[in-house]
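Each chain, written out:
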Amino acid sequence: NNSLATNPDSVISSLCEGLYHVVLTDANLCQEIRFFNLVAPGIVRQKDFAKILGKVLRRPAILPVPAKVLKLLFGEVGRVLLTSCRARPKRLLEAGFSFLYPDLEKALKDLLA
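Every chain's residues receive numbers from 1 upward, in the order its sequence appears when written. Per-residue local features of the predicted model are confined to residues with pLDDT of at least 70, and side-chain atom pairs are confined, for both listing and counting, to 80 or more; whole-chain, interface and lining totals are unaffected and use all residues. Excluded from the side-chain calculation are hydrogens and water; included are all heavy atoms of the structure.

## Here we look at the overall build of the protein chain
Regarding its fold elements, the protein chain presents 6 helices and 0 strands. The numbering of helices and of strands both runs from the N terminus, where a helix is a DSSP run of H or I of at least 4 residues and a strand a run of E of at least 2. Reading the helices (α) and strands (β) of the protein chain from amino to carboxyl end gives α-α-α-α-α-α. With a 1.4 Å probe rolled over the protein chains alone, any residue whose accessible area is under 20% of its type maximum counts as buried; one over 50% counts as exposed, and the rest are partly exposed. Going through the 113 residues of the protein chain one by one, you find that 21% of them count as buried. Within the protein chain, contacts between residues separated by at least 24 positions form 67% of all contacts whose residues are at least 6 apart in sequence. By definition in these notes, contact holds between two residues if any of their heavy atoms fall within 4.5 Å.

## A closer look at the pattern of salt bridges
A carboxyl oxygen of Asp or Glu within 4 Å of a side-chain nitrogen of Lys or Arg is what we treat as a salt bridge. Counted under the stated rule, the structure contains 5 salt bridges. A salt bridge links Glu105 to Lys55; its shortest N-O distance comes to 3.2 Å. One end of the pair, Glu105, is in helix H6 (residues 104-112); the other, Lys55, is in helix H2 (residues 46-57), with 50 residues separating them in the sequence. Judged by its relative accessible area of 54%, Lys55 is exposed.

## Looking at H6
Of the residues making up H6, those classed as buried are Glu105, Ala107, Leu108 and Asp110. Within 3.5 Å is the distance limit for a polar contact, defined as a pair of N or O atoms, with the added protein rule that one can donate a hydrogen and the other accept it, and that residues adjacent in sequence qualify only through two side-chain atoms. Of the residues that open H6, the one with a side-chain oxygen 2.9 Å from the backbone nitrogen of Glu105 is Asp103.

## Things to note about the side chain of Glu105
On the basis of relative accessible area, Glu105 is assigned to the buried category, the value being 19%. Those residues within four positions of Glu105 in sequence are excluded, and the remaining contacts are Ile52, Lys55 and Val56.

## Overview of the environment of Asn37
Tracing the chain through its elements places Asn37 in the loop between helix H1 (10-25) and H2. As a C-alpha pair, Asn37 and Arg91 span 54 residues in sequence and 7.6 Å in three-dimensional space. When neighbours within four sequence positions are excluded, Asn37 is seen to be in contact with Ala87, Arg88, Pro89 and Leu92.

## Thoughts on a nonpolar patch on the surface
A cluster of nonpolar side chains, contributed by Val65, Val69, Leu73, Phe74, Val77, Leu81 and Leu82, occupies part of the molecular surface with about 610 Å² of accessible area. Elements supplying a minimum of two residues to the nonpolar patch: helix H3 (67-74) and helix H4 (76-82). In this structure, Val77 sits in helix H4. Each patch is assembled from residues with relative accessible area greater than 30% and no salt bridge, linking like charges that lie within 9 Å and nonpolar side chains (Val, Leu, Ile, Met, Phe, Trp, Tyr) that lie within 5 Å. Areas reported as accessible are Shrake-Rupley estimates using a 1.4 Å probe. Residue values count occlusion only from the protein chains shown.

## Quick word on unusual backbone geometry
Located in the positive-phi region is Arg58, a residue other than glycine, with phi close to 55°. Within the secondary structure layout, Arg58 lies in the loop between H2 and H3.

## Focus: the confidence of the model for the protein chain
In the predicted model, the protein chain carries a mean pLDDT of 76, and 79% of its residues have values of at least 70. With pLDDT under 50 throughout, residues 1-8 is counted as low confidence; its partners more than four residues away or in other chains account for 19 contacts. Note on scores: pLDDT gives the predictor's confidence for each residue, bounded by 0 and 100.

Here you go:
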């Protein structure tokens, strides 16, 4: 594991380490525009995210929030929340980065503890 994160903000630190890792290991980065998805390797559906978040917070996650409510409360961000992009960290993994929290539940426990 390449991570040095040991504080309550370690999920954020891990994200920064991913960016740092890319800059250090990719010699072509300064010569051309390249994109890296700084996302965890597991794809999680919104329903599963809510269930895991409820478990971590020890709160029920029974009823889904209607799309109209999300759009009304959050406007454009509501649409983003409802849209799936299925981003994967392919290039980050190819560059040899290892995630401190490849699993959503562990990341949320660390982030919200």
